[in-house]
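Each chain, written out:
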Amino acid sequence: MNKAKKNFDEFTWQTRVMPVLVASVPLFFAAVAKGFSTLAWTEAGLMVCITVVVLSLLYRLTRNMGKKCERKITDRLGAMPSVILLRYSDSTIGIVSKQRYHERINKVYGLNLPLNISDERPEDDAQYDAAIRSLKNRANQMRDTEFRVYQELKEYHFFRNLYGIKPIAFSVYLVLAIREICLIPNFNIKNLFINPVPNYVSFLIFIVGILLTALVTNKGVEERSFSYANALIESCERI
């Protein structure tokens with residue numbers, strides 16, 4: 001029991017399980033709609049089986065695909081968002097606050113972050129990286145007191161992992177939408193809008209699923225990564 005709790009805690013639930021469940025919602029809805037609207041319970045059962053398979057597949061892949069998304073963002077930006085926010089060249093955090101944070105980090109963690117704009121060098125990124133790792137370790141150990149940092153972390157990981165599995169979810173919706181077109185007798189656009197029930201319900205659900213995946217963007221992941229980074233750095237006020 002303790003091992004299960006360790007491997008399936010709140011963080012895992014919200015950042016790995018929830019993205020998979022969200023991505024699978026159209027599949028559940030389509031299965032229920034198929035069963036109740038056409039009484040095609042065999043079809044509904046097939047949809048449930050597909051949903052279970054997709055859930056299992058996505059759960060195993062979600063973290064790895066989310067990490068790939070994170071690496072792409074870091075590569076594009078040239079550094080982690082948290083490192084960027086600590087640089088004097090970035091103006092997101094005011095210079096007075098930034099100098100105070102640098103002083104606190106140097107004092108508490110024994111680092112050598114520059115205290116003036118003129119002192120900053122490209123090689124200081126190594127110091128910034130070490131500072132961020134120390135702040136992360138502290139925030140992870142003090143989740144009760146660093147609640148905002150923890151909330152931002154969960155939101156970032158949720159959206160990152162959801163974006164990571166987006167290609168798989170999109171492909172599944174698309175394949176099943178095409179399958180519905182093949183199964184619907186005399187498929188035509190007019191009936192799709194005038195008389196969607198019962199034949200077109202599942203097809204419409206998959207189309208909505210495809211459209212909703214478009215709302216999960218790389219930009220959204222990047223914005224949440226900066227929100228988390230900002231909250232993490234502001235925790236310097238309490239070290």
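Coordinates for the structure precede this section.
Being a predicted model, the structure only gives us computed values, none of them experimental. (Residues numbered from 1 in each chain as written. Predicted model: local features only at pLDDT ≥ 70, side-chain atom pairs only at ≥ 80, totals over all residues. Heavy atoms only, no water.)

J.: Explain the side chain of Glu-146 to me, and be specific about the residues and the numbers.
T.: Its place among the elements puts Glu-146 in the loop between helix H6 (125-141) and helix H7 (147-164). With a relative accessible area of 2%, Glu-146 lands in the buried category. A polar contact is formed between the side chain of Glu-146 and the side chain of Arg-238, at a distance of 2.6 Å. Setting aside chain neighbours within four positions, we find Glu-146 in contact with Arg-138, Ala-139, Ser-235 and Arg-238. (Helix = DSSP H or I, 4+ residues; strand = E, 2+ residues; numbered from the N terminus. Buried < 20%, exposed > 50% of the residue type's maximum accessible area, 1.4 Å probe, protein only. Polar contact = N/O pair within 3.5 Å; in protein donor to acceptor, adjacent residues only side chain to side chain. Contact = heavy atoms within 4.5 Å.)

J.: Explain the side chain of Asp-124 to me, using residue names and the numbers behind them.
T.: Position of Asp-124 relative to the elements: it lies in the loop between helix H5 (95-109) and H6. This buried residue, Asp-124, is left without a salt bridge; Arg-121 holds the nearest opposite charge, at 6.3 Å. Among the polar contacts listed, one links the side chain of Asp-124 to the backbone nitrogen of Arg-121, at a separation of 2.7 Å. Apart from the residues within four sequence positions on either side, Asp-124 is in contact with Pro-114 and Asp-119. (Lys, Arg positive; Asp, Glu negative; His and termini not counted. Salt bridge = Lys/Arg side-chain N within 4 Å of Asp/Glu carboxyl O.)

J.: Go over the layout of surface pockets with me, naming the residues and quoting the values.
T.: Empty space left among the atoms is revealed by rolling a probe the size of a water molecule over them. In this model, the largest pocket occupies a volume close to 640 Å³. Among the elements of the structure, helix H2 (10-38), helix H3 (41-77), helix H4 (81-86), H6, H7 and helix H11 (218-234) are those that each provide at least two residues to the lining of the largest pocket. Here the lining of the largest pocket takes six residues from H3, the largest share from any one element. Approximately 240 Å³ is the volume attributed to the second largest pocket. Val-22, Pro-26, Tyr-173, Gly-209 and Leu-212 are, among the 15 residues lining the second largest pocket, the residues nearest its centre. Those elements that provide at least two residues to the lining of the second largest pocket are H2, helix H8 (166-183) and helix H10 (201-213). Of the residues that constitute the lining of the second largest pocket, the class distribution is 12 nonpolar, two polar and one charged. (1 Å grid on protein atoms, 1.4 Å probe; cavity = no way out; pocket = protein on both sides within 12 Å on 5 of 7 lines; lining within 4 Å. Points joined across faces, edges and corners; volume = space filled by probe spheres on them. Nonpolar A, V, L, I, M, F, W, Y, C, P; charged D, E, K, R; others polar.)

J.: Got a sec to walk through the pattern of salt bridges? Specific residues and values, please.
T.: Summed over the entire model, instances satisfying the criterion amount to 12 salt bridges. Here Glu-222 makes a salt bridge to Arg-76, at a shortest N to O gap of 2.1 Å. Within this pair, whereas Glu-222 is found in helix H11, its partner Arg-76 is found in helix H3, the two being separated by 146 residues in sequence. The partner of Arg-224 in a salt bridge is Glu-155, with the nearest N and O atoms 3.5 Å apart. One end of the pair, Arg-224, is in helix H11; the other, Glu-155, is in helix H7, with 69 residues separating them in the sequence. Overlapping salt bridges, with partners in common, bring together Lys-67, Glu-70 and Arg-160 in one network.

So far we have only geometry, and geometry alone does not tell us how the molecule works.
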